[in-house]
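Topology and contacts: notes
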Amino acid sequence: MSHLRHQRTWMVLIFLLAVTALAGGVWRYGYLQALEQLARRAEADLALASDRLSTELQVYQELAVLLTDHPMLVGLDDPTRRKDAQAQLLEVADKTAALDVAFADVTGRILVSANGLTTNDVSDEPYFRRAMQGALGSDHGLRAPLDRRAYYYAAPAFDAAGQVRGTVVVVADVASIELAWPGSAPAVFFTDANGEVFVTNRFELLYWTRPDSGVGLVPPEGPAPEFRAAQTGAHDIWNIRWGPYVPTRALHLQRHLPVVALTGEILVNAAPARRLAWLQASAVAAICLAFGAMLFLATERRRTLAQANAVLESRVAKRTQALSEANVHLRQEISERMEAEAALKRAQADLVQAGKLSALGQMSAGISHELNQPLMAIRSFAENGTQYLERGRSEKAGENLSRIADLAHRMGRIIRNLRAFARQESEEVRQVDIVAILDSVIELTGARMRQDSVDIRFARPDHPIWVRGGDVRLGQVFVNLLTNAADAMEGQDDKCIRIDVNETGPLTVTVRDTGPGIDLPDKVFEPFYSTKVVGVSEGMGLGLSISYGIVQSFGGDIRGENAPDGGAVFSVQLEPWQAEQAA
Ligand SMILES: Nc1ncnc2c1ncn2[C@@H]1O[C@H](COP(=O)(O)OP(=O)(O)OP(=O)(O)O)[C@@H](O)[C@H]1O
Ligand SMILES: [Mg+2]
């Protein structure tokens, strides 16, 4: 379990790492893309600012060149001409917004000046020296007496011989150029060859200089504010704290302007690019996390289900085990039950046999009498026959012999019946003729009935009636019914037993006597219930209970009741033999 939890934790950690790596990649790619766009825009902005500056300065340069050929700047030794020239130059300066327009002779002495803002001697100025060489001179700076940032242009004026006769100096005001720039534009500044900020649209950066390291800027005085430069892809990113109007994280671009001898630089806020990159990265991370969470939940669900399944399976296995044990137990019980049943059957069969033997025992007196009688008759017939033979009356002797044969035949039949009755039946159920069984029962009990002078009336059907059963066991049932009836009628005058076979409706054999009837009809089928405790025919009380079992085993039924006009009636219902059962 804890191993599984460990595995899960590791998987979640690895997934989170992968998402972080992916988000990092997306962030970097998005940032670079955004910086690329930003750089293009910044480039355009810087180009625009640079062009604007150079164009505006160009105007003053051209003004200087134009004025060199102006006639008012000729013959300025004359003070009145000088005065006129000054007035004209002032007009030019006013119209062009130049700080000053002046003319210097070859020694660098200012002959005439529009505003008098220039020093009287410019011989040391580099722009003047350059002009004296016949080229266009230019310079910028903060110079006395003019306490302003200014751009200086100097153009040489030639005489007829082509010699430089003087220099036109035009001074342009940088601040007025700056004022025309829109303040909302990104921070732009122009540094000169010394690395000093000379022109800018953020005045706080004015006169800041490039430090020895060559990157960034430091203010002219005071501590240098925080500065860090980093390279992101091909882009230069500055992390700075240069005041509220300069972005803290800025994309830095620069561009050389040889015409004005300055380097234009721009600082564009890189924060939106970073924000965009963050946005993209967090969107990707959020999507990945959402998918991951869904996946995690799904696997968790599946695992929970699998666990529940395993629990269920183990329960089912336990239940199955219990069931199969119960099954084994049941089988054991069944086999025990079957053994008990078999034992019961054996006991019942033994009981049937015992009952039969007891009946035989009871009948033995009658039967021995029955056999004795023909034997005695045979003896007297034999003796008489001998005498007839001695007397030569052979026909009479033959008559006696045939009587003897008849009697022997009759004895043989009685003995055969007895043997058949004593036999133990092996077959469960077969097709038997109930009429023949009743015939043999009447014959078997004949001696007893005759002895007791019982009148047996059998309404014998003239055709066989086939039923399901066994002849010995059915014979046993009817022997018991007849002897019971005879026992019940003992000691009375009118003794009659009626046997009827009822074929309409269910096949029933009724045995009715003229005796006193049954004392307790409900109890007669109980084993060991007997009223015959004394006398010749002492009974075990088993006859009817054995009969009950026999008839039931053939699918039939036996009932005993008292007839309304006196006497007992026992009815044995039997199942007729169906042809298809034999098949
Ligand atoms: N025809 C009948 N009339 C009156 N009572 C009867 C008749 N048949 C049976 N009984 C009563 O039912 C009892 C039980 O009969 P059953 O045949 O079971 O036993 P038993 O005849 O007494 O003894 P066993 O048949 O074992 O020798 C008898 O003792 C008798 O009281
Ligand atoms: Mg009996």
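Located above this text is the structure these notes cover.
Now for a quick tour of the structure.

The next subject is helix α5 (residues 271–390). The terminal C-alpha atoms of α5, which comprises 120 residues, lie 166 Å apart, in line with the 178 Å expected from a rise of 1.5 Å per residue. If you look at α5, its biggest bend is around 50°, right at S364.

Right, let's talk about the sheet that holds strand β2 (residues 110–113) for a bit. An order of β2-β1-β5-β4-β3 is seen for the five strands of this open sheet, with the pairing classed as antiparallel. Looking at the sheet topology across the chains shown, the edges are occupied by β2 and β3 (137–142). Taking each pair of neighbouring strands and ignoring which way they run, the sheet shows an average axis angle of 20°. Note that β3 and strand β4 (residues 149–158) share six bridges and pair antiparallel. Its bridge partner lying in β4, S138 is registered against Y153. Of the strands in this sheet, β1 (100–105) and β2 are in contact with helix α2 (residues 79–96), which crosses β2 at around 55°.

So, on to the layout of surface pockets. For the largest pocket, the calculated volume is near 850 Å³. Around the largest pocket, the lining is made up of 44 residues, and of these N484, D487, S530, T531 and K532 lie nearest the centre. Looking at the lining of the largest pocket, the elements with two or more residues in it are α5, α9 (471–488), α10 (543–553) and β18 (568–573). Per-element tally for the lining of the largest pocket: the top contributor is α9, with 10 residues. Class assignment for the residues of the lining of the largest pocket results in 19 nonpolar, 18 polar and seven charged. Space inside the second largest pocket adds up to approximately 570 Å³.

Another aspect to go through is the site of ligand 1. Taken together, 21 residues surround ligand 1, and among them N484, D513, S530, T531 and K532 come closest. Between an oxygen atom of ligand 1 and a main-chain N or O atom of L542, the distance comes to 3.0 Å. Contact with the protein chains covers 94% of the free accessible surface of ligand 1, which is 600 Å². The pocket occupied by ligand 1, as judged from atoms lying within 2 Å of grid points, is the largest pocket. Counting only elements with at least two residues in the shell around ligand 1, the list comes to α9, α10 and β18. The greatest single-element share of the shell around ligand 1, amounting to four residues, is contributed by α9. Of the residues belonging to the shell around ligand 1, the class tally is 10 nonpolar, nine polar and two charged.

Moving on to the pairing of β18. Of all six residues in β18, five are buried; the element is thus mostly enclosed. When strand β16 (residues 508–513) meets β18, the two strands line up antiparallel, connected through five bridges. What sits directly across from T508, in β18, is Q573. As defined by bridge partners, strand β17 (residues 557–562) adjoins β18 across six bridges and the pair is classed as antiparallel. Looking across to β18, one finds that R559 is bridged to S571. The hairpin formed by β17 and β18 contains five residues between the paired strands, and G566 there has a positive phi angle of roughly 95°.

Among the nonpolar cores identified, the biggest contains 57 residues, and L67, L73, V101, Y151 and F190 are the most heavily contacted of them. Here this core gets 17 residues from one element, more than from any other, and that element is helix α1 (residues 2–67). Other than its neighbours up to four places away in sequence, F190 contacts A49, S50, L53, W181, E196, V197, F198, V199, L257, L262, T263 and G264.

Right, let's talk about the environment of Q321 for a bit. The residue Q321 is located in helix α5 in this model. Overall, Q321 belongs to the partly exposed group, its relative accessible area being 46%.

A few words now on the sheet that holds strand β15 (residues 496–502). Taken together, five strands build an open sheet; the order of strands is β13-β15-β16-β18-β17 and the sheet is mixed. In the strand order of this sheet, the two ends are held by β13 (455–458) and β17, each with one partner. Strand-to-strand, the axes of this sheet are offset by a mean angle of 15°, without reference to chain direction. Each of β17 and β18 touches α10; the most contacted strand, β17, lies at about 140° to it.

Bringing the pattern of salt bridges into the picture now. Throughout the structure, instances matching the rule amount to 25 salt bridges. Across the pair E300 and R8 runs a salt bridge whose closest N-O atoms are separated by 3.1 Å. Here E300 is found in helix α5, whereas its partner R8 is found in helix α1, with 292 residues between them in sequence. Taking relative accessible area as the criterion, R8 reaches 25% and is therefore assigned partly exposed. The partner of E91 in a salt bridge is K95, and the shortest N-O contact between them spans 2.9 Å. Note that E91 and K95 are positioned in helix α2 at a spacing of four residues, about one turn of the helix.

For the magnesium ion (ligand 2), every protein donor is listed as N480 (OD1) and N484 (OD1), and the spread of their distances is 2.1 to 2.4 Å. In this pair, N480 and N484 both sit in helix α9, four residues apart, roughly one turn of the helix. Just as N480 is buried, N484 falls in that class too.

Right, let's get into the packing of aromatic side chains. Summed over the entire model, instances satisfying the criterion amount to 10 aromatic pairs. When the centroid spacing of 5.6 Å and the interplanar angle of 50° are considered together, the rings of F525 and Y548 count as tilted. Note that F525 is positioned in the loop between β16 and α10 and Y548 in helix α10, a separation of 23 residues in sequence. A relative accessible area of 18% means that F525 is categorised as buried. Among the residues examined, Y548 registers a relative accessible area of 34% and is labelled partly exposed. Centroid distance F525 to F570: 6.4 Å. Interplanar angle 75°. Geometry classified as edge-to-face. Here the residue F525 occupies a position in the loop between β16 and α10, and F570 occupies one in strand β18, the gap between them amounting to 45 residues.

Each value, and the rule that gives it
Residues numbered from 1 in each chain as written. Chains lettered and ligands numbered in written order. Predicted model: local features only at pLDDT ≥ 70, side-chain atom pairs only at ≥ 80, totals over all residues. Heavy atoms only, no water. Helix = DSSP H or I, 4+ residues; strand = E, 2+ residues; numbered from the N terminus. Expected span 1.5 Å × (residues − 1). Bend = angle between axes of the 7 residues up to and from the residue. Pairing = 2+ DSSP bridges. Axes fitted to C-alpha atoms, helices over the stretch in contact; angles between N-to-C directions. Contact = heavy atoms within 4.5 Å. 1 Å grid on protein atoms, 1.4 Å probe; cavity = no way out; pocket = protein on both sides within 12 Å on 5 of 7 lines; lining within 4 Å. Points joined across faces, edges and corners; volume = space filled by probe spheres on them. Nonpolar A, V, L, I, M, F, W, Y, C, P; charged D, E, K, R; others polar. Near = heavy atom within 4 Å. Polar contact = N/O pair within 3.5 Å; in protein donor to acceptor, adjacent residues only side chain to side chain. Areas by Shrake-Rupley, 256 points an atom, 1.4 Å probe, with all protein chains shown as cover. Sits in = over half its atoms within 2 Å of the grid points. Buried < 20%, exposed > 50% of the residue type's maximum accessible area, 1.4 Å probe, protein only. Core = buried A, V, L, I, M, F, W, Y, C linked by side-chain atoms within 4.5 Å. Salt bridge = Lys/Arg side-chain N within 4 Å of Asp/Glu carboxyl O. Donors = N, O, S within 2.8 Å, 3.2 Å for Na, K, Ca; no water. Phe/Tyr/Trp six-rings, centres within 6.5 Å; stacked < 30°, edge-to-face > 60°.

Take it as geometry only, folks, not as evidence of what the structure does.
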